[in-house]
Amino acid sequence: MPDAPLDCLVIGAGPAGLTAAIYLARFRRRFEGVDGGASRAALIPISHNHAGFPDGIHGVTLLKRMTVQARKYGTSIRPGTVLDLRRQPDGSFVAKLGEDLIPTRTVLLATGVVDREPELPEVPGAIQRGLIRHCGICDGYEIMGHRIGVVGQGSSGLHEALFLRIYTSDITLLSLGTPLALSRDERRKAEEAGIVLVEELVASVSIDGDRVSSLILQSGTCHVFDTVYSALGSDARSSLVRPLGTTLDDKGCVVTDEHQRSTTDGLFAAGDVVRSLDQISVAMGEAAIAATAIHNLLRGVPAPPTPIDAALSFSPEHLDRERSDTLVGTHAA
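Figured I'd write up the structure that's included with this text. Computed from a prediction, not measured in an experiment: that's the story for all the values here.

## Comments concerning the sheet that holds strand β12 (residues 211-217)
Then, in step 1: Spatial ordering of the open sheet is given by β11-β12-β13, a layout of three strands whose pairing is antiparallel. Lying at the two open borders of the sheet, with one neighbouring strand each, are β11 (202-208) and β13 (222-224). Between one strand axis and the next, the sheet turns through 25° on average, direction left out of account.
Then, in step 2: Relative to β13, β12 runs antiparallel, the two being bridged by three bridges. By the bridge assignment for β13, Ser-214 is matched with Val-224.

Following this line, the structure appears as structure tokens:
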């Protein structure tokens, strides 16, 4: 174990982790980054809504450019996975990376999330392989007028289908044999929007190049699509901080305040592992806030106390609910 602890250990090297690395390096902090090699951004074939790239940019290309920029300032990014993170009596941390123990004064968790893969016959890892899309906010504009399949269950699946409705009128919501469990009102909304509901099991899948092109049901019915989205949700990579007693929300995301501080002193979080809008630009903004807060903390500038709101969410589903609540309140007034 090194004699002197790091100022910060950045766990994760996606857009959030790399942005934090650039900031901390320019703040002349002694830190290291850890790259598990599983950034969700690497799955993006091309992003058209990330500002500054009018022709779009591939997720892997963006990560490479950010890594080059971070290393320009001397940043050390180590490959591997942090297996354990423990808090010391003095409030610092010790992280286990392989056989190495890394002492650090603060930690920035930027580990992101893992998308839940749809159980499609003979097509394992469809999202990881890029055969199915998972972000209507990111690329919905590019599917205008397409025949769209949405793999989802319950209200969250319907909310994703309704969100995509502004881009196309041809949408089918498929539950892969699981009952959709929609309320009467939700089924009415689906019908009004022209969304076809399919609860039958899928028997086989056709792949055309780099996309799922059709789903054949057990009854033999074939549904042909230009694009298929998954709306099965994701799981936050937050198990590392659970033993610390860090407050997580009902989806396992780290609850933070406006300075990206968690409820564990010295532990900050940014990016998709935090409950917020899962977008590259948001992750980068949160990382900039976190890195600056870490720098100020280490130089002895206390951040003002801020209440942590565990209910913060910006998913399409919650946005729809918040908008409905607002309209109800407006009419009541």
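## Quick notes on the pattern of salt bridges
When the charged atoms of two side chains with opposite charge come close together, those side chains can pair.
Then, in step 1: Evaluated as defined, the whole model comprises 19 salt bridges.
Then, in step 2: Of the charged contacts in the structure, one is a salt bridge between Asp-7 and Arg-29, with a shortest N-O distance of 3.5 Å. One end of the pair, Asp-7, is in strand β1 (residues 6-11); the other, Arg-29, is in the loop between α1 (15-26) and β2 (31-35), and 22 residues separate them in sequence. For the pair formed by Asp-7 and Arg-29, the shared burial category is buried.
Then, in step 3: With a closest N to O distance of 2.3 Å, Arg-188 and Asp-185 form a salt bridge. Residue Arg-188 and its partner Asp-185 are both found in helix α5 (residues 184-193); the two are separated by three residues, about one turn of the helix.
Then, in step 4: A relative accessible area of 35% means that Asp-185 is categorised as partly exposed.
Then, in step 5: Among the charged side chains, a salt-bridge network with shared partners connects Arg-40, Asp-115, Asp-272 and Asp-278.

## Some points on the sheet that holds strand β10 (residues 196-198)
Then, in step 1: One open sheet accounts for four strands, arranged β10-β9-β8-β14; its pairing is parallel. Each of the sheet's edge strands pairs with one partner strand only, and the pair in question is β10 and β14 (227-230). In this sheet, adjacent strand axes meet at a mean angle of 20° when their direction is disregarded.
Then, in step 2: Sheet analysis places strand β8 (residues 147-151) next to β14, joined by four bridges and oriented parallel. Opposite Val-151, over in β14, you have Ser-230 as the bridge partner.
Then, in step 3: Against the sheet, helix α4 (residues 154-164) contacts β8, β9 (170-174) and β14, and its axis sits at roughly 160° relative to β8.

## So, the packing of α1 against helix α6 (residues 280-298)
Then, in step 1: Axis separation between α1 and α6 bottoms out at 8 Å; the angle between their running directions is 35°. Where α1 crosses over α6, the two elements pack in a sense that is right-handed. Here Pro-15, Ala-16, Thr-19, Ala-20, Tyr-23 and Leu-24 of α1 lie close against α6, whose contacting residues are Ile-280, Ala-283, Met-284, Ala-287, Ala-288, Ala-291, Thr-292 and Ile-294.
Then, in step 2: Per-class residue counts for the contact of α1 with α6 are twelve nonpolar, two polar and no charged.

Cut-off values and rules
Residues numbered from 1 in each chain as written. Predicted model: local features only at pLDDT ≥ 70, side-chain atom pairs only at ≥ 80, totals over all residues. Heavy atoms only, no water. Pairing = 2+ DSSP bridges. Helix = DSSP H or I, 4+ residues; strand = E, 2+ residues; numbered from the N terminus. Axes fitted to C-alpha atoms, helices over the stretch in contact; angles between N-to-C directions. Salt bridge = Lys/Arg side-chain N within 4 Å of Asp/Glu carboxyl O. Buried < 20%, exposed > 50% of the residue type's maximum accessible area, 1.4 Å probe, protein only. Contact = heavy atoms within 4.5 Å. Left-handed = near helix turned anticlockwise from the far one by under 90°. Nonpolar A, V, L, I, M, F, W, Y, C, P; charged D, E, K, R; others polar.

None of this, on its own, says anything about what the molecule does.
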